[in-house]
Number of protein chains: 4
Amino acid sequence: MHTPSDSRPRVGVVGASGYTGLEVLRVLAGHPGVDPVWATSRSEAGGPTPVSGLAFTDRGYDALAEVDLVFLCLPHGAAVPWMEAARAAGVRVVDLTADHRPGSGRDAGVVYGMTELHGEAVAGADAVANPGCYPTGVILSLAPLRAAGLLDDARPIPVAAASGVTGAGRSPRRDLLFAEVHGDYRAYGLGNGHRHLLEMRAELPGLQLLFVPHLLPVPRGILETLTLPVVEGVDAARVRDVWREAYATSPVVDILAEGAPSLRDVVHTDRLVLSVHDNEGLRAPTLTVVAALDNLGKGAAGQAVQNMNLMLGLEAGEGLR
Amino acid sequence: MHTPSDSRPRVGVVGASGYTGLEVLRVLAGHPGVDPVWATSRSEAGGPTPVSGLAFTDRGYDALAEVDLVFLCLPHGAAVPWMEAARAAGVRVVDLTADHRPGSGRDAGVVYGMTELHGEAVAGADAVANPGCYPTGVILSLAPLRAAGLLDDARPIPVAAASGVTGAGRSPRRDLLFAEVHGDYRAYGLGNGHRHLLEMRAELPGLQLLFVPHLLPVPRGILETLTLPVVEGVDAARVRDVWREAYATSPVVDILAEGAPSLRDVVHTDRLVLSVHDNEGLRAPTLTVVAALDNLGKGAAGQAVQNMNLMLGLEAGEGLR
Amino acid sequence: MHTPSDSRPRVGVVGASGYTGLEVLRVLAGHPGVDPVWATSRSEAGGPTPVSGLAFTDRGYDALAEVDLVFLCLPHGAAVPWMEAARAAGVRVVDLTADHRPGSGRDAGVVYGMTELHGEAVAGADAVANPGCYPTGVILSLAPLRAAGLLDDARPIPVAAASGVTGAGRSPRRDLLFAEVHGDYRAYGLGNGHRHLLEMRAELPGLQLLFVPHLLPVPRGILETLTLPVVEGVDAARVRDVWREAYATSPVVDILAEGAPSLRDVVHTDRLVLSVHDNEGLRAPTLTVVAALDNLGKGAAGQAVQNMNLMLGLEAGEGLR
Amino acid sequence: MHTPSDSRPRVGVVGASGYTGLEVLRVLAGHPGVDPVWATSRSEAGGPTPVSGLAFTDRGYDALAEVDLVFLCLPHGAAVPWMEAARAAGVRVVDLTADHRPGSGRDAGVVYGMTELHGEAVAGADAVANPGCYPTGVILSLAPLRAAGLLDDARPIPVAAASGVTGAGRSPRRDLLFAEVHGDYRAYGLGNGHRHLLEMRAELPGLQLLFVPHLLPVPRGILETLTLPVVEGVDAARVRDVWREAYATSPVVDILAEGAPSLRDVVHTDRLVLSVHDNEGLRAPTLTVVAALDNLGKGAAGQAVQNMNLMLGLEAGEGLR
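Residues numbered from 1 in each chain as written. Chains lettered and ligands numbered in written order. Predicted model: local features only at pLDDT ≥ 70, side-chain atom pairs only at ≥ 80, totals over all residues. Heavy atoms only, no water.

**Q** I'm lost on the environment of Asn 295 of chain C in this one. Help?
**A** Residues and elements named next belong to chain C. Structurally, Asn 295 is set in the loop between β13 (286–293) and α8 (297–311). In this structure, the C-alpha to C-alpha distance between Asn 295 and Gly 33, residues 262 residues apart in sequence, is 24 Å. Residues contacting Asn 295, with those up to four places away along its chain left out, are Cys 133, Ser 163, Thr 166, Gly 167, Arg 220, Gly 221, Ile 222 and Ala 300. A polar contact is formed between the side chain of Asn 295 and the side chain of Thr 166, at a distance of 2.9 Å. (Helix = DSSP H or I, 4+ residues; strand = E, 2+ residues; numbered from the N terminus. Contact = heavy atoms within 4.5 Å. Polar contact = N/O pair within 3.5 Å; in protein donor to acceptor, adjacent residues only side chain to side chain.)

Here you go:
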């Protein structure tokens, strides 16, 4: 049973009965350092949340007065007025929608919460835009390699990404019905125009990403297979070294010395697991990267709580799975 | 109930209780032009086959005397002596194993049965090596484009391929148990050394393939997403035109005018469905191809029966689904 | 490609883009004796149907003038005006909704289309109410045993039934989303008040059914496990004999001599497979029956076409899978 | 990282790479009160276990000297010599196999570890036979009702049970391959002779159980639907009251006031959730019970750790999920 305390920061979750909101509550339920004091849901008001003793409630902006930090887990587009209200009320915000991410046109004054890359800015931020699930794996794979000059930016970087269906949200849609998805697998967003590309390009200027997402018949998890054009002399071992240095202090990014991660290694966790592989038989040096994460973990709720930890001065990995 | 006839060619299936053999029998059960007269299986001898009235039997080479053509559906490696026995007995052979495919070192005198590309040779052949499931989608996507000079062979061609688990066969393995695969997804064969590459490279000399297979939590179906480096001036429309001309007479290869195929469009059929897409935001012209087929259909049994049709002088698409 | 003919009866399908309507079209696509000339769908008008060359169309009652028989595959409640319009137009009707089934209060003048039991009446009928999916397995299991006096009607007959999710229709609902159903299994309709009981009780007067349905994480198929109280001296062999006699001429009901059917044996077919088993260790003689069918096959579209065959004077099993 | 301590009891797990052993290690990994010091596996020796810092090892009886309590997670039949060796060494044993359960003929001197029913005996036991997964739900549903005289033992009690495939173990078998189980559902053990019946009958003498298990296409979870013949005047409310009293102190048995549990409510937990429902339209009073548990949780590892807690004098619910 959850018992509020005066000494712990208080947090609220807006739009808490979608897949993202439920997962934020699941992480918070196991987090010793904060008190989740309300969780809003219009459709499930009165029903139980994953936090023992806490019921969903249908609250408005007035609820902001009761918390130190709020998570926005609304449908894309609906976070804008909540962000304004929270900032006006002096409440810190972690926005899990796409509304204030790089490329949205509404990211002024909002820190992009890719925790491992912008931790210092996050720690001092009032408002954080939590990254998208697909961009998390791509950006954390590439950013340190780009910074270290390992990538050959004359060549494109094909990313074949596959996600479980919770990535598409919990609103009823015919194409997401069990009988439609079971036994199926498909590419979507063809043409290299997926909206997540804005966010990736903003963080990885100069790189030519070719991003092809696919829908997996599993509830959760993302696996991204990147074809990596590297400059002469760079091999998998060198990439691994750069990653290890970049993520030495991260509580959730793991680099495999051998083998590749699968979804089973990451679902229901907040980890991102990376592997990199040399390839035979190609003229220009080209590696393969595999990045695995839970779209609801490091791809959403886990990263949101990681950001919250920094914003509230808690231990970086506190409560993470 | 199956009723043999003197007027129809007689066929046998060796190793008929694996996934491939069972599927050959399913196609033959609906084929009006041939008589399946025996189907061997050591483990299921006496049990029913998908052909009404036909039971599995445990027969040796003597059974060859009763047929005009035989399908070899054995584990890889076991087809060599059967191939010799069949040829000695003057019986035509479609070998569904990898034992006589290009790159195997045992392909002398055996025609590679990629039906759409080598139909004339197949029609006159005594022995045909049926292509692998993954190579079928890759080779049929690329061969006509390469022949037409559309591909930029200085750049690699990354292929992210995903297959259902029947592609790994029906022998018990811990990693293929239901509880291991359910909810999972993984890349395998990393390093660009998958054995199917031998076959692809033999048919597509000069191209730099980078092949990364993945295991899907579905029983059947293959989806291959190819990143296609093309020469200046080539776009998706041009690729579609070349494909349409190349496959105008194929009973099973379909080219989509819009959208992309998904597994549901092809499983339990003998079709291969192709789509091609222009991409935004890349400096060198680069298209995306999606190829979908059933690994047991066009990727195995469907193609085997398509080859049989040509070898026996039947209609090209007879009995195909 | 579908080619209409003057010599074959013409049929239409109303509400053809739901799971039931799509399956009727799939069966009709392989049926040599009739011409499907239109298939209505508001949401998918213009799109392709499973019948080659036939597109969905948004038609009203005027379309009835073009057909000899119409299938109603609407949401429950919506078939009443179509039934009236069809009968006024002299068009035969197979209604796949619950609107005119026994117990509906609207079954006057409509024959209950449990084909094996009421074939003669079906053959002469203008309007047929196609049975529900769950009742099909229960009624065909029990009706001949009840008629032969084998059942002890003083004891209840518990039926534990499990169905794939297409049984719940194709309208978007949160509880039928892939991520909700995957890995789950649940009982529903507890309390013995499921609406299908009206239909079962009407056909099986005097029996005390205790019906508990469950939702399976599969797209299609029904398995029903019945606990059968029988009178002294009755055993499984006797039940098998009575079934065999009752269903000797049925093109789709199969009785197993040993073992029990599983979903895999029946999905994508129009069969109903029955098995019966003696039980150890009980004081009063009590058997177990397992009935397996595809909810979209014998449980809906297969049975509808079987009824159509009789109504139009075609061969009983024509076009069935 | 796991750090051994002198103050906590030390435990070992024999046969730890099967599904049951892995789950025992997962529970122990989150248990603050004991130290898992070794976990044996011949096939995975050297590989990582779910306990951070602990690798699988291939050890024999000598390892018993290092622990206070040992869990036996071997294939059925293999626990007998380990039980003897452990007792000779003065090490407490929780045997998760069927080898020493009631009805095995080897249960002399071994306490049956149905924790809620025999807690006192467990607390003083050297050796405990952990119950089977199916019997756990059936026995805990029925035992207090039988003791309170609520059941009409003249009538049989049909139990339709369904289990995920981990219940069948992790040894490779063709019928448990992903492609065989996906989309399927079947009854098995027909005839009322399932070996788990010995255990149920030993604990529930005088009741006529009719037990029909089914295999679900999910990795884990058991749902049991019982048809409950009760004496005149007994209804669902009365059953609920008896259960509540019986399980008032259990850390893991929950009684629902309304609705019924589904697999999702219990998988990856150590809970058993019960519901009971009145039924319309039957002549003799007959209720329906739904019992849900994780076959690897309360059905195996959870219960084993619950027993360990009592045997070692720890808090009853410590470490349970």
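**Q** Mind showing me how you'd approach the sheet that holds strand β5 (residues 111–112) of chain A here?
**A** Across a sheet, paired strands are connected by hydrogen bonds in the backbone, their directions being either parallel or antiparallel. Taken in spatial order, the 6 strands of this open sheet run β2-β1-β3-β4-β6-β5 (chain A), and their pairing is parallel. Each edge of the sheet is formed by a strand with only one pairing partner; in this case those strands are β2 (35–39) and β5 of chain A. (Pairing = 2+ DSSP bridges.)

**Q** When you look at the packing of aromatic side chains in this model, what are you seeing that I'm missing?
**A** Remark: the centre distance and the inter-plane angle together describe each pair of aromatic rings, the angle taken between the planes. Within this structure, the stated rule accounts for 12 aromatic pairs over all chains. Ring plane angle 80° and centroid distance 4.8 Å describe the contact between Tyr 61 of chain A and Trp 82 of chain A, whose orientation is recorded as edge-to-face. With Tyr 61 of chain A in the loop between β2 and β3 (69–72) and Trp 82 of chain A in helix α2 (residues 79–88), this pair connects stretches of sequence that are 21 residues apart. Relative accessible area serves as the criterion here: at 9%, Trp 82 of chain A is assigned to the buried category. Ring centres 5.1 Å apart and planes at 75° place the aromatic pair Tyr 134 of chain C and Phe 211 of chain C in the edge-to-face group. In this pair, Tyr 134 of chain C sits in helix α4 (residues 133–147) while Phe 211 of chain C sits in strand β9 (residues 209–215), placing the two residues 77 residues apart along the sequence. (Phe/Tyr/Trp six-rings, centres within 6.5 Å; stacked < 30°, edge-to-face > 60°. Buried < 20%, exposed > 50% of the residue type's maximum accessible area, 1.4 Å probe, protein only.)

**Q** Explain the packing of helix α4 (residues 133–147) of chain A against helix α8 (residues 297–311) of chain A here, please?
**A** Packed helix pairs are specified by the crossing angle of their axes together with the interaxial distance, meaning the distance between the axes. Residue and element names in this part refer to chain A. Close contact between α4 and α8 brings their axes to 8 Å; oriented N to C, the two are set at 95°. Judged by the inter-axis angle, α4 sits roughly perpendicular to α8. Contacts from Cys 133, Thr 136 and Leu 140 of α4 reach α8 at Lys 298, Gly 299 and Gln 303. Split into classes, the residues belonging to the contact of α4 with α8 amount to 2 nonpolar, 3 polar and 1 charged. (Axes fitted to C-alpha atoms, helices over the stretch in contact; angles between N-to-C directions. Parallel < 35°, antiparallel > 145°, perpendicular 65-115°, else oblique. Nonpolar A, V, L, I, M, F, W, Y, C, P; charged D, E, K, R; others polar.)

**Q** Help me understand helix α2 (residues 79–88) of chain C, please; the structure alone is not making it clear to me.
**A** In an α-helix, one turn spans 3.6 residues, which is why side chains three or four residues apart end up on the same side. Residues and elements named next belong to chain C. Here α2 has its buried residues at Ala 79, Val 80, Trp 82, Met 83, Ala 85 and Ala 86. Here the buried face of α2 lies against β1 (10–14), β3 (69–72), β4 (92–95) and β6 (127–129). Just downstream of α2 lies Gly 90, where phi reads positive at about 70°.

**Q** It is not clear to me how the domain arrangement of chain A should be interpreted in this structure. Could you clarify?
**A** Interface size, as often reported, equals the accessible area lost upon joining of the parts. Residue and element names in this part refer to chain A. When the domains of chain A are assigned, the result is domain 1 (10–131 + 300–311) and domain 2 (133–295). Summarising the inter-unit geometry, the C-alpha centres of domain 1 and domain 2 are found 25 Å apart. Between domain 1 and domain 2, the residue contacts involve 23 residues of the former and 23 residues of the latter. A buried area of about 1,700 Å², summed over both sides, lies between domain 1 and domain 2, and 55% of it is on carbon and sulfur atoms. The three residues of domain 1 that bury the most area against domain 2 are Tyr 19, Glu 116 and Leu 117, which together make up 31% of that side's buried surface. Between Glu 23 and Arg 220 there is a salt bridge; the shortest N-O distance is 2.6 Å. Where domain 1 packs against domain 2, one counts 7 residue pairs in polar contact (both at pLDDT 80 or more). Top element by residues in the side of domain 1 that touches domain 2 is helix α1 (residues 19–29). It accounts for 5 residues. (Domains from an automatic or database assignment. Buried area = accessible area lost by both parts, 1.4 Å probe. Salt bridge = Lys/Arg side-chain N within 4 Å of Asp/Glu carboxyl O.)

**Q** Please clarify how the pairing of strand β4 (residues 92–95) of chain B should be interpreted in this entry.
**A** A regular strand places its side chains so that they alternate between the two faces of the sheet. Residue and element names in this part refer to chain B. Pairing of strand β3 (residues 69–72) with β4 involves 4 bridges; the strand directions are parallel. Across the sheet, Leu 72 pairs through a bridge with Asp 95, a residue of β4. In this fold, the crossover linking β3 to β4 by way of helix α2 (residues 79–88) has right-handed handedness. When β4 meets strand β6 (residues 127–129), the two strands line up parallel, connected through 3 bridges. Pairing of Val 94 across the sheet is with Val 128, part of β6. (Right-handed = clockwise from strand over helix to strand, strands pointing away.)

**Q** What exactly am I supposed to notice about the interface of chain B and chain D here?
**A** Facing the 21 residues of chain B at the interface are 21 residues of chain D. For the chain B and chain D pair, buried surface summed over both sides reaches about 1,900 Å², with 61% attributable to carbon and sulfur atoms. Together, Arg 174, Leu 177 and Phe 178 of chain B form the three largest contributors to the area buried by chain B at its contact with chain D, with a combined 39%. Taken together, the links from chain B to chain D amount to 4 salt bridges. Between Arg 174 of chain D and Glu 44 of chain B there is a salt bridge, with the nearest N and O atoms lying 2.9 Å from each other. Linking chain B to chain D there are 10 residue pairs in polar contact (both at pLDDT 80 or more). With 4 residues, the single largest contributor to the side of chain B that touches chain D is helix α5 (residues 178–181) of chain B.

**Q** Whenever I open this one, the relation of the copies chain B and chain D confuses me. Can you help?
**A** Copy one and copy two of the chain differ by a rotation about a common axis and a shift along it. Each copy superposes on the other: chain B lies on chain D with an RMSD of 0.0 Å after a rotation of 180° and an axial shift of 0.0 Å. Taken together, the rotation and translation relating the two chain copies correspond to the operation of a two-fold axis. The share of interface residues of chain B whose copies in chain D are also at the interface is 100%, consistent with both copies meeting through the same surface. (Least-squares fit on C-alpha atoms with pLDDT ≥ 70 in both.)

**Q** Honestly, the pattern of salt bridges in this entry has me stumped. Any pointers?
**A** Side-chain pairs of opposite charge can arise where the charged atoms are in close proximity. Here the structure, examined in full by the defined rule, presents 76 salt bridges over all chains. Note that Asp 175 of chain C and Arg 173 of chain C form a salt bridge whose closest N and O atoms lie 2.7 Å from each other. Exposure remark for Asp 175 of chain C: the relative accessible area of 42% places this residue in the partly exposed category. Among the salt bridges present, the one from Asp 184 of chain C reaches Arg 186 of chain C, with a minimum N-O distance of 3.1 Å. Because the salt bridges share partners, they merge into one network encompassing Glu 23, Arg 26, Arg 220, Asp 270, Asp 294 and Arg 321 of chain A.

**Q** What exactly am I supposed to notice about the relation of the copies chain B and chain A here?
**A** In screw terms, the move from chain B to chain A is a rotation of 180° and a rise of 0.0 Å along the axis, fitting with an RMSD of 0.0 Å. Most of the interface of chain B is mirrored in chain A, where 100% of its interface residues are also at the interface.

**Q** What is the right way to read unusual backbone geometry from this model?
**A** Among all residues except glycine, the phi angle is most often negative; among peptide bonds, the trans geometry is most common. A positive phi angle is found at His 268 of chain A, which is not glycine, with a value near 65°. Tracing the chain through its elements places His 268 of chain A in the loop between β11 (253–255) and β12 (272–277). Positive phi, close to 65°, is recorded for Asn 192 of chain B, a residue that is not glycine. Secondary-structure assignment places Asn 192 of chain B in the loop between β8 (186–187) and α6 (196–203). A relative accessible area of 1% means that Asn 192 of chain B is categorised as buried.

**Q** Is there a simple way to think about the confidence of the model for chain A in this case?
**A** Predicted coordinates in areas of low pLDDT are best not read in detail. Of all residues in chain A, 98% attain a pLDDT of 70 or more, and the chain-wide mean is 95. Across the interfaces of the predicted complex, the ipTM metric reaches 0.94, alongside a pTM of 0.94. (pLDDT = per-residue confidence, 0-100.)

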